[in-house]
Every structure is written in C-alpha cells, then in structure tokens.
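# Overview (structure and organization)
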Amino acid sequence: MMRTSRPGILLRAVATLAAAGLVLTGCGSSEEPEETKPSPSAPAEPDHEPLTGVELPEGQTAARKHPAYIVKIDNTSASDPQYGVAKADLVVQELVEGGVTRLAVAYYSQLPKEAGPVRSMRATDAGIAAPIGAKIMTSGAAPYTFAQLKKHDISWIDMSTPYVVRDTSKPHDFLHSVVGKVAKVGKAAEKKGKARRPGDFMPWGDATTQLAGGKPAKAVDVRFSAARTDNWLFKGGKYHLQNNYMAKSGQFLADTVVVAQTKTTIAPYKDPGGAIVPVSHFTGRGKAWILRAGQIVEATWVKKGEKGAVTFTDAKGAAIEIPPGKVWLDLIPQGNGQVAPGGVTVK
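Scope of this entry: the structure provided in the associated data block. (Residues numbered from 1 in each chain as written. Predicted model: local features only at pLDDT ≥ 70, side-chain atom pairs only at ≥ 80, totals over all residues. Heavy atoms only, no water.)

Within the largest apolar cluster, 38 residues are counted, with the highest numbers of intra-cluster contacts made by Val71, Val91, Val105, Val222, Phe252, Val257 and Trp328. If we skip the residues at most four places from it in the chain, Val257 touches Trp232, Tyr239, Trp289, Ile290, Leu291 and Trp328. In this structure, Ala126, Ile154, Val297 and Ile320 belong to the second largest nonpolar core, which totals 36 residues. (Core = buried A, V, L, I, M, F, W, Y, C linked by side-chain atoms within 4.5 Å. Buried < 20%, exposed > 50% of the residue type's maximum accessible area, 1.4 Å probe, protein only. Contact = heavy atoms within 4.5 Å.)

The next subject is the packing of aromatic side chains. In this structure the tally under the stated criterion is 6 aromatic pairs. Pairing Tyr144 with Tyr269 gives two aromatic rings, centres 6.1 Å apart and planes at 50°, and the pair type is tilted. Taken together, the positions of Tyr144 in helix H3 (residues 143-151) and Tyr269 in strand E12 (residues 256-270) put the pair 125 residues apart, joining distant regions of the chain. For Tyr144, a relative accessible area of 27% corresponds to the partly exposed category. Ring centres of Phe234 and Tyr239 lie 4.8 Å apart, and the angle between their planes is 50°; on these two criteria the pair is classed as tilted. An identical accessibility class is assigned to Phe234 and Tyr239; each is buried. Among the aromatic residues, ring-to-ring pairing joins Trp232, Phe252 and Trp328 into one connected group. (Phe/Tyr/Trp six-rings, centres within 6.5 Å; stacked < 30°, edge-to-face > 60°. Helix = DSSP H or I, 4+ residues; strand = E, 2+ residues; numbered from the N terminus.)

Moving on, we get to helix H4 (residues 182-192). Within the span of H4, buried status applies to Val182, Val185, Gly186 and Ala189. Axial view of H4: buried residues confined to an arc of 100°, hence all on one face. Summarising the geometry of H4, the exposed residues directed more than 90 degrees from the buried face are Lys187 and Lys191. Against the buried residues of H4 lie strand E1 (69-75), strand E3 (101-107), strand E4 (135-137), strand E5 (156-157) and strand E7 (178-180). (Arc of directions from axis to C-beta.)

Once that is clear, we can look at the pairing of strand E9 (residues 219-225). Here E9 lies mainly inside the structure; 5 of its 7 residues are buried. Hairpin remark: E9 followed by strand E10 (residues 228-235), antiparallel, with 2 residues in the connecting loop. (Pairing = 2+ DSSP bridges.)

With that settled, the discussion passes to the side chain of Ser280. The residue Ser280 is located in strand E13 (residues 276-281) in this model. Here Ser280 falls in the buried class, since its relative accessible area comes to 1%. With residues up to four places along the chain from it excluded, the contact list for Ser280 reads Leu95, Thr124, Thr262, Lys263, Thr264 and Leu331.

Glancing now at H3. Note on helix geometry: an α-helix contains 3.6 residues per turn, so any two residues three or four positions apart are oriented the same way. Every buried residue of H3 is listed here: Thr145, Gln148 and Leu149. Relative to the axis of H3, the buried residues are bounded by an arc of 95° and lie together on one face. Turned more than 90 degrees away from the buried face of H3 sit Pro143, Lys150 and Lys151, all of them exposed.

With that settled, the discussion passes to the pattern of salt bridges. In total, this model carries 12 salt bridges according to the counting rule given. Measuring nitrogen to oxygen at the nearest pair gives 2.6 Å for the salt bridge that ties Lys238 to Asp255. Of this pair, Lys238 sits in strand E11 (residues 238-241) while Asp255 sits in the loop between E11 and E12; the two residues are 17 residues apart in sequence, bridging distant segments of the chain. Relative accessible area serves as the criterion here: at 28%, Lys238 is assigned to the partly exposed category. Taking relative accessible area as the criterion, Asp255 reaches 16% and is therefore assigned buried. Via salt bridges that share partners, Asp47, Arg197 and Asp200 belong to a single interconnected network. (Salt bridge = Lys/Arg side-chain N within 4 Å of Asp/Glu carboxyl O.)

In structure tokens form, the structure reads like this:
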C-alpha cells in the first residue's frame, strides 16, 4: 500500500470517531458510563523523505524549515563539469531548444554548498516544481516563462539575490559561469521559516516494494531528439548515465530511472539564436517505462494538472509504487511534427 505523506491524519480521524461514540452513548442512557482504562495510542506511521521515499528513523520527521529547491543546470558539453548533482534527491531531464536537454535538479534532504552551472527556466518546470512547492534557482527566463510559472504559484531565486551569482573565475564563459549557492539560501530560509513537509513527488512504496512484470534490460537508450539520447547502464545495483557531464567525483547514481512521454508544444517565442523552444507538459497522461534492478516495466503515468502528484499503473490498471531511492526522470516528447519523437530502445 502506498504510504501517505501525512501520517497524523489517520490517528486524528480515529480519535474523532472514538469521541463521537462516547457522546452518543451518553445521550442514550441516564446511567453513568462505566470507567474504562485508557487504551494505548497506536504508534504513528514512520515518516519518509518526500523526494526519495526513504523511511526515516522512528521519531524523525521530514518537515524542515527550508523548502525544496530545484536548480536549473545546463546539460551540454559546455557545462562539463556539472557540480552539486550527486547530492540531489531527484533529477528531471527536459527537452529545450536545439534538441538538447536541461536538468531540473531537486534538493531537499541535503543541500550542497554549490550547484551548477545554472541556466534559465522553461515553462516545463511548472509541472515539476508545483507538486512539491519547490523554489527554482535560475539565471533568468523569458517573459512567457515567468508568466506561466506565476500562474501556478511558483517562485524562483535569480541573479537579483546573493544566492545565484556569477563565478568571476570564468570571465569568458558568460552562459556557463552562474553558480547556485544552495546551502546558503537554505540557511537563510531556516532563520525565518516554519517546518513544513513537501508532498511526495512519486507514489512511494517501502523497502519491500518490488516491480512486477519487468523484462531484463541492463542497457537502455532513451531518445529525446536527434541531438540527445541517454545511454543508461545498470551495474553495481545503480543506474549510470554513460554520456553525462557530471564531475567524475560527483556522479548522480540512480536507484530508479523513470521515462515519461509527454505532450510537447512550442512556446510563443524563439531563443536568441532563432530556434524554437519546446514545452513538455508534465500533465495529463502518457506512456512510461520504469527501470529498476536491471528490469524494465512498461506503464501509464497520470498527473492532474501542474500541481498534481504523478501516479503509475500497469497494463491491467493496477497501481505501481516506486521503491524508495534516488530517481532520475526523463520527460521525452511524444512528437508533434516539430519536435523529434521520443522513444526508448531496450538493447
């Protein structure tokens, strides 16, 4: 059974019903109620991390005084080496102009000192940030993107703050010299924030959860466009992205890779070089593939609106829970004649 991110709700409901039963008994009889010994309260359900599903030790809560942060990081050879990615809870890869991709790197359970190189936001980020109330760390965005994110109550942290700054040691690399000071912004939030817990990003199972109906697939290629195909390899119990730009000492090793086909449209503006800008809509429903433990499972994903939580079902319509751990999510396009169609190839 999928775990709730609000374990106290069930206990409060039981207490309310018990109180209601005592009131009804008192109204139906003039006799004094018999003394009863107080029953021991049921133990609270253990909490878990909202972005990884990892269960916390008894008595610990995932509520923190800082929100989840998403750092927009370049994903081309010009970004080599990317830094801070290894400490992420979750990574989402999205298609941008020119057929290349950009990363939305999400942090909550731990915050790196720095992450980057930081780039601009896209309207796609609405469906990624909204479910967990994340603040996006970015170098900026187009007016259309700002408007789309505002519409879904998403806030961002840009270069007008001391938390997204220029790396002065790279004076000749204007596009790839922006740094996100993630730990610094987290400490600032803790000084004035109240402990709150984001909603779960995935429908988490527990440590015993296993995916059924999978086929062996230790090497998987995930195609975004003619310019970008991910080459995933399962080894040592983790998924390694073979063609990545992360620092060798800071690799993000995924426990699960999820691939979701999304409806992809074209934004009403072009980039400075005149290229069209795709928008991947992480809403609605579509085909999905879940890679776990060297197996691949075909599924359907459903997500109601930008703020909705994603769910998965198998071919028979049964709910699929994601085992706890770090997840890499690829949002590949269904294809609409303007953006190269996406797909997954099992070797």
